[in-house]
Amino acid sequence: MATLDVPGARLYYEVSGDGPALLLLPGGGGDAAIFDTLTGPLAEHFTLIALDPRGYSRSRLDGPAVDQRVEVQSEDARRLLDAVTPDRPAYVFGGSSGAIVGLDLLARQPERVRRLVAHEPPCFAVLPDASAQRAFVEEVHRLFREQGLAAASARFMEGIGGTLRPLPDPASLPPRAAEMMTRLMNNAPIMMEHELRQFTSYVPDLAALGRVSDRLVLAAGRETRGHLPYRPAALLSERLGLGLVEFPGGHSFTDAPEEFAKQLIEVLTRSSQAPATSRISSAETMGLP
């Protein structure tokens, strides 16, 4: 456990395992401990670097809460890699909002990334029905401000097709997991106010990503196929001429952690872009019948 001072914040991060560096980027409102269910098998192959994004959990801002920006979080990731593994590029895995940060890091700082697995980045702005998705996100934000977190979360879950499982009761968990759940609950309002709209409106730099597409794996959960969280990864993979790789579970990589970790190791360490687990048609990418 360590901290790193960056402009405007002090980042908390954890390092474990042995081998080439693997940076783990959590989704919105998540923190380093969300990867605990994956770290056992991953740590046998990689030196794991997991962080709390700025403003969440143990990564404190220097001032009051402000809107999160993708480019700021990707610069934080770059600074962290420079501090922990300055001489070699790192593998990177990002889930949900962390996948967006990974895409931005690869586009801006390709020399720092050995291979990126971006699992279901919620880049709703790239979709053909982006205006409808923008309205949906604005509705969620309005509900959050007017009726509170529970109403906003329920509408969000409905809009993404019920592809996120409810959080467990902290009382039913061991101490470290229970402490994490308490932090995630405290992070949720920050995510709703300061990240949801900002990150879902992000448009990746496809030209920059196209130049390093051999280092990019776009991924999605089998259980989310046909639902909103799956669609941006599918569309981006099509536009970049890549196969979309399906992983076990849904939007969360913790749904089937042992199987997920095993496949992640295989995808990260293969010598070249292997054939994708699945390819889907343009109609499926758009969510059409």
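Residues numbered from 1 in each chain as written. Predicted model: local features only at pLDDT ≥ 70, side-chain atom pairs only at ≥ 80, totals over all residues. Heavy atoms only, no water.

(A) A look at the overall build of the protein. Along the protein, the regular secondary structure elements total eleven helices and nine strands. On C-alpha atoms alone, the protein measures out to a radius of gyration of 18 Å, which is about the 19 Å that the 2.2 N^0.38 rule sets for 289 residues. Across the 289 residues in the protein, those meeting the buried criterion constitute 54%. In the protein, once contacts between residues fewer than 6 apart in sequence are set aside, the share between residues at least 24 apart is 78%. Split by element, the accessible area of the protein, about 12400 Å² in all, is 52% carbon and sulfur. Across the protein, the centroid of the 29 positively charged side chains sits 4 Å from that of the 36 negatively charged ones. (Helix = DSSP H or I, 4+ residues; strand = E, 2+ residues; numbered from the N terminus. Rg over C-alpha atoms; globule rule 2.2 N^0.38 Å. Buried < 20%, exposed > 50% of the residue type's maximum accessible area, 1.4 Å probe, protein only. Contact = heavy atoms within 4.5 Å. Areas by Shrake-Rupley, 256 points an atom, 1.4 Å probe, with all protein chains shown as cover. Lys, Arg positive; Asp, Glu negative; His and termini not counted. Charge placed at Lys NZ, Arg CZ, Asp CG, Glu CD.)

(B) Summary view of the packing of aromatic side chains. On inspection of all chains with the given rule, the structure shows eight aromatic pairs. With a centroid separation of 6.1 Å and 50° between ring planes, the pair formed by Phe 253 and Phe 260 is classed as tilted. Accessibility assignment for this pair places Phe 253 and Phe 260 in one class, buried. Here the aromatic cluster, defined as three or more aromatic residues joined through ring pairs, consists of Phe 35, Phe 93, Phe 247, Phe 253 and Phe 260. (Phe/Tyr/Trp six-rings, centres within 6.5 Å; stacked < 30°, edge-to-face > 60°.)

(C) Looking closely at unusual backbone geometry. With a phi angle near 60°, Ser 96 is a residue other than glycine that sits in the positive phi range. Tracing the chain through its elements places Ser 96 in the loop between strand S6 (90–95) and helix H3 (97–108). Notably, Glu 120 is not glycine yet its phi reads approximately 50°, a positive angle. Look at Glu 120 and you get buried, because its relative accessible area is 0%.

(D) Quick look at the environment of Glu 75. Relative to the elements of secondary structure, Glu 75 occurs in helix H2 (residues 70–84). Residue class for Glu 75 comes out partly exposed when judged on its relative accessible area of 24%. With 25 residues separating them along the chain, Glu 75 and Ala 50 place their C-alpha atoms 15 Å apart.

Scope: geometric values only; no functional claims are made or implied.
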